[in-house]
Amino acid sequence: MSEPAQVLRTVFGYDSFRGDQQAIVEHVVAGGDALVLMPTGGGKSLCYQIPALVRDGVGIVISPLIALMQDQVDALSALGVRAGFLNSTQDPDERRMMEALYVAGELDLLYLAPERLRMESTPQLLSRGKISLFAIDEAHCVSQWGHDFRPDYLQLSHLHERWPEVPRIALTATATEATRKEIASRLNLEQARHFVSSFDRPNIQYRIVPKNEPKRQLLDLLRTEHKGDAGIVYCLSRSSVDKTAEWLTEQGIQALPYHAGLDAQTRATNQARFLREDGLVMVATIAFGMGIDKPDVRFVAHLDLPKSVEGYYQETGRAGRDGLPSTAWLAYGLQDVVQQRKMIDTSEGDDAHRRRLGQHLDAMLALCETVECRRSGLLAYFNETLTEACGNCDTCLTPPESWDGTIAAQKFLSAVFRLDKERRQRFGAGQVIDILLGRKTAKVIQHDHDGLTVFGIGTELNESEWRGVVRQLLAQGLLAVEGDYGTLSLTEASADVLGRRREVRLRRENAAKPPKAARTATAKAAAAELPAEAAPAFEQLRSWRAATAREQGVPAYVIFHDATLRQIATQAPTTLAELGTVSGVGENKLAKYGQAVLDTLAAGG
Ligand code: ADP
Ligand code: ZN
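Residues numbered from 1 in each chain as written. Chains lettered and ligands numbered in written order. Predicted model: local features only at pLDDT ≥ 70, side-chain atom pairs only at ≥ 80, totals over all residues. Heavy atoms only, no water.

**Describing the site of ligand 1**
Line of reasoning, step 1. Close to ligand 1 lie 15 residues, the nearest being Tyr14, Gly41, Ser45, Arg321 and His561.
Line of reasoning, step 2. A distance of 2.9 Å separates a nitrogen atom of ligand 1 from a polar atom in the backbone of Ser16.
Line of reasoning, step 3. Within the contact set of ligand 1, an oxygen atom lies 2.5 Å away from a side-chain nitrogen or oxygen of Ser45.
Line of reasoning, step 4. For ligand 1, whose accessible area on its own is 560 Å², the fraction buried by protein is 86%. (Near = heavy atom within 4 Å. Polar contact = N/O pair within 3.5 Å; in protein donor to acceptor, adjacent residues only side chain to side chain. Areas by Shrake-Rupley, 256 points an atom, 1.4 Å probe, with all protein chains shown as cover.)

Right under this line is the structure:
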């Protein structure tokens, strides 16, 4: 039997465990049950893969991500690990062969789709071989209140009853306390050891900008900071996904659409291309992303406001799994607030449900409007405290100015008040702003709004500044928006502002310049730039990798990650032994690709 540390080095090519990995691995190797909460990119897979290699028997991995099983198995095979899967995509022959391998003990890991658990043949099959452990991936799928509930996950309790002595390890990147409790109780893991990591992702730079011309702003981001990078653009609706993907393509950026309205074949093709090819942009609704373990997603851009902080965290978390610098960018405007409130008002379910949705939105708005470190705000949502500002978010890098918006707020709120109380009329933000700016539009004249005392009293701000004021009043709960037309009304708290009992601080909208590089130690380590002299070698290695990946029909990252190629380019090894010291180069990959890598370097030299 090999030691975990040795497996880590020889099979995976890594020098040391990260965070809780070592403790988790040792606990499971010794036969203990574990519940692991670790952020995306934290390194959850090693936590069950190494115990499966160290312990006697085959590790059974339950995973809902059928479309990704082939890639997972390919990645393990490239490391020399004997892995296979059983799911509905296989024909009976393939399945029988895999079953035979399992029974003969010629596998280290066997991935099972959850629907297999329903079949009587599954426990029969499993009892014919030796099981080293059960790994339950994406364990939040057992939660009935989450987004990804899989009824078959409830069957997992039967496995435990049947094989009580086999250790179980459940893993998820879903962070909230409530979800953790629910997983523990449904999977009967209350007695298990819980390993809860920090959910900080220091290599991700969080930025939230006012939305002016969203498509232009996006294009700017892609052209100036993420040329040739792979990334995901999230949109709220299917039609905006299609339009945005089309538009980016016209602009010369390779972009693919993904949403539930596309047929299964197109979705599968687009997902496979995104995983396999370098530098594609996926434009998608949130239907896309769970379990996507592409390590080199360099940016996640949101063109619409996410519905909750948790959703925002999960979606942005798909950037930078490899630990290299990545961007989480969100453009957000007044219209987002209006639209989301409307969706909540018209959503199905009872009042309590709507109230909960409203609270989720409020927390998201607070994150958007904060003048403090975004990362602190984000982590606070998961009950984590950051001891100092992060130095790698937009508010840390270019601290926003705040200004005393009390008078502006009073002007705006009193216009809303007069319309409502004197005339029993309610209007959207556009009309109120026109009134304050003294614009005699057709709609203003039609309603005699030029006769109001507030007509023309707000010319010290321009239209976009006023929109910023309205957005922030909504976010602070000093104004409410309702209905199909986004009509505005006062809240209880508005009275305090109108009665001069409350001051209003607002964030100044600065023309959002891209912030410069990160400043803190962690962020800097993550940002370790490729030295200029290593850039040509890196590019040559990338094209060698692309060609090899195509030839073997696997995603490029299955061969080597970007981080590994960067280190190879920087160190420029000339012997296999030297190459073997690079992080991510294990014995199997050294034997398989080592010479080709050295040849590529020599040819470029
Ligand atoms: P998760 O499943 O938690 O999102 P993964 O298991 O995919 O994360 O790991 C994220 C990345 O970190 C992968 O590229 C993996 O190879 C790498 N990684 C994991 N553990 C280590 C380690 N101890 N040293 C170096 N790299 C690691
Ligand atoms: Zn910060």
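**Brief notes about the UniProt feature "domain: Helicase C-terminal" (unreviewed entry) in the protein chain**
Line of reasoning, step 1. As recorded in UniProt, the sites labelled "domain: Helicase C-terminal" (unreviewed entry) are residues 214-365.
Line of reasoning, step 2. End C-alpha to end C-alpha, residues 214-365 measures 18 Å, and it is 48% helix and 17% strand. (UniProt positions renumbered as here; feature names shortened; annotations may be inferred. Helix = DSSP H or I, 4+ residues; strand = E, 2+ residues; numbered from the N terminus.)

**What to know about the coordination of the zinc ion (ligand 2)**
Line of reasoning, step 1. Binding of the zinc ion (ligand 2) to the protein goes through Cys373 (SG), Cys390 (SG), Cys393 (SG) and Cys396 (SG), at separations of 2.3 to 2.4 Å.
Line of reasoning, step 2. Classification of the site at the zinc ion (ligand 2) rests on its 4 donor atoms, whose angles at the metal span 102 to 118 degrees, yielding the label tetrahedral.
Line of reasoning, step 3. One chain supplies every donor for the zinc ion (ligand 2), spaced along it as C-x16-C-x2-C-x2-C.
Line of reasoning, step 4. Accessibility expressed as a relative area gives 9% for Cys390, which makes it buried. (Donors = N, O, S within 2.8 Å, 3.2 Å for Na, K, Ca; no water. Tetrahedral: all angles 85-135°; square planar, octahedral: opposite > 155°, others 65-115°. Buried < 20%, exposed > 50% of the residue type's maximum accessible area, 1.4 Å probe, protein only.)

**Brief notes about the environment of Pro164**
Line of reasoning, step 1. Structurally, Pro164 can be placed in the loop between α7 (156-162) and β6 (168-172).
Line of reasoning, step 2. Here Pro164 falls in the exposed class, since its relative accessible area comes to 52%.
Line of reasoning, step 3. Separated by 39 residues in sequence, Pro164 and Asn203 place their C-alpha atoms 40 Å apart.

**A short note on the environment of Val25**
Line of reasoning, step 1. Checked against the element boundaries, Val25 lands in helix α2 (residues 21-29).
Line of reasoning, step 2. In the structure, Val25 is positioned 27 residues away from Ala52 in sequence and 9.5 Å away in space, judged by C-alpha atoms.
Line of reasoning, step 3. Filtering out sequence-adjacent residues up to four positions away, Val25 remains in contact with Pro4, Phe17, Leu46, Cys47, Ile50 and Pro51. (Contact = heavy atoms within 4.5 Å.)

**Notes on the domain arrangement of the protein chain**
Line of reasoning, step 1. Taken as a whole, the protein chain is organised into domain 1 (3-196), domain 2 (204-332 + 370-400), domain 3 (403-508) and domain 4 (528-604).
Line of reasoning, step 2. Centre-to-centre, using C-alpha coordinates, domain 1 lies 55 Å away from domain 3. (Domains from an automatic or database assignment.)

**What to know about helix α15 (residues 374-381)**
Line of reasoning, step 1. Arg374, Arg375, Leu378 and Leu379 are the residues of α15 that are buried. For α15, the arc enclosing every buried residue in end-on projection is 120 degrees, short of the 170-degree limit, so these residues lie on one face.
Line of reasoning, step 2. Packed against the buried residues of α15 are β8 (204-210), α12 (309-316), α14 (351-369), α16 (394-397) and β17 (505-507).
Line of reasoning, step 3. One or two positions beyond α15, positive phi appears at Asn383, with a value near 60 degrees. (Arc of directions from axis to C-beta.)

**As for the sheet that holds strand β13 (residues 326-332)**
Line of reasoning, step 1. Read from one edge of the open sheet, 6 strands run β8-β13-β12-β9-β11-β10, paired in parallel fashion. Each end of this open sheet is capped by a strand with a single partner; those strands are β8 and β10 (255-258). For this sheet, the mean angle separating the axes of adjacent strands, direction not counted, is 15 degrees.
Line of reasoning, step 2. Taken strand by strand, helix α11 (residues 264-276) contacts β9 (230-234), β10, β11 (281-284) and β12 (297-302), and its axis lies near 140 degrees from that of β10. (Pairing = 2+ DSSP bridges. Axes fitted to C-alpha atoms, helices over the stretch in contact; angles between N-to-C directions.)

**What to know about the packing of α2 against helix α3 (residues 44-54)**
Line of reasoning, step 1. The N-to-C vectors of α2 and α3 enclose an angle of 40 degrees; their axes lie 9 Å apart at closest approach. As far as their axial angle goes, α3 and α2 are oblique. As α2 runs across α3, the sense of the crossing is right-handed. The segment α2 lies against α3, with Gln21, Ile24, Val25, Val28 and Val29 engaging Leu46, Cys47, Ile50, Pro51 and Val54. (Parallel < 35°, antiparallel > 145°, perpendicular 65-115°, else oblique. Left-handed = near helix turned anticlockwise from the far one by under 90°.)

**Describing the side chain of Thr244**
Line of reasoning, step 1. Mapped onto the secondary structure, Thr244 falls in helix α10 (residues 238-250).
Line of reasoning, step 2. When near neighbours in sequence (up to four residues on either side) are disregarded, Thr244 contacts Leu218, Cys235, Val283 and Leu303.

**Here we look at the packing of aromatic side chains**
Any aromatic ring pair is given by two values, namely how distant the centres are and how the planes are angled relative to each other.
Line of reasoning, step 1. Following the criterion strictly, the structure yields 12 aromatic pairs and no others.
Line of reasoning, step 2. Aromatic pair Tyr381 and Phe382: ring centres 5.4 Å apart, planes at 85 degrees, arrangement edge-to-face.
Line of reasoning, step 3. On the accessibility criterion, Tyr381 (28% relative accessible area) is partly exposed.
Line of reasoning, step 4. Taking relative accessible area as the criterion, Phe382 reaches 10% and is therefore assigned buried.
Line of reasoning, step 5. With a centroid separation of 5.9 Å and 75 degrees between ring planes, the pair formed by Trp544 and Tyr593 is classed as edge-to-face. Placement of the pair is Trp544 in helix α23 (residues 535-552) and Tyr593 in helix α27 (residues 587-604), with a sequence separation of 49 residues.
Line of reasoning, step 6. Each member of the aromatic cluster is reached from another via a ring pair, and the members are Phe199, Tyr313, Tyr381 and Phe382. (Phe/Tyr/Trp six-rings, centres within 6.5 Å; stacked < 30°, edge-to-face > 60°.)

**Thoughts on the pattern of salt bridges**
Line of reasoning, step 1. Applying the stated criterion across every chain, the model contains 33 salt bridges.
Line of reasoning, step 2. A salt bridge links Lys211 to Asp304, with the nearest nitrogen and oxygen atoms 3.4 Å apart. You can see Lys211 sitting in the loop between β8 and α9 (214-225) and its partner Asp304 sitting in the loop between β12 and α12, a full 93 residues away along the chain.
Line of reasoning, step 3. Taking the relative accessible area as the measure of exposure, Asp304 reaches 14% and is therefore buried.
Line of reasoning, step 4. A salt bridge links Lys294 to Asp296, with the shortest nitrogen-to-oxygen separation between them at 3.3 Å.
Line of reasoning, step 5. A relative accessible area of 8% means that Asp296 is categorised as buried.
Line of reasoning, step 6. Among the charged side chains, a salt-bridge network with shared partners connects Asp278, Glu539, Arg542, Arg545 and Asp562. (Salt bridge = Lys/Arg side-chain N within 4 Å of Asp/Glu carboxyl O.)

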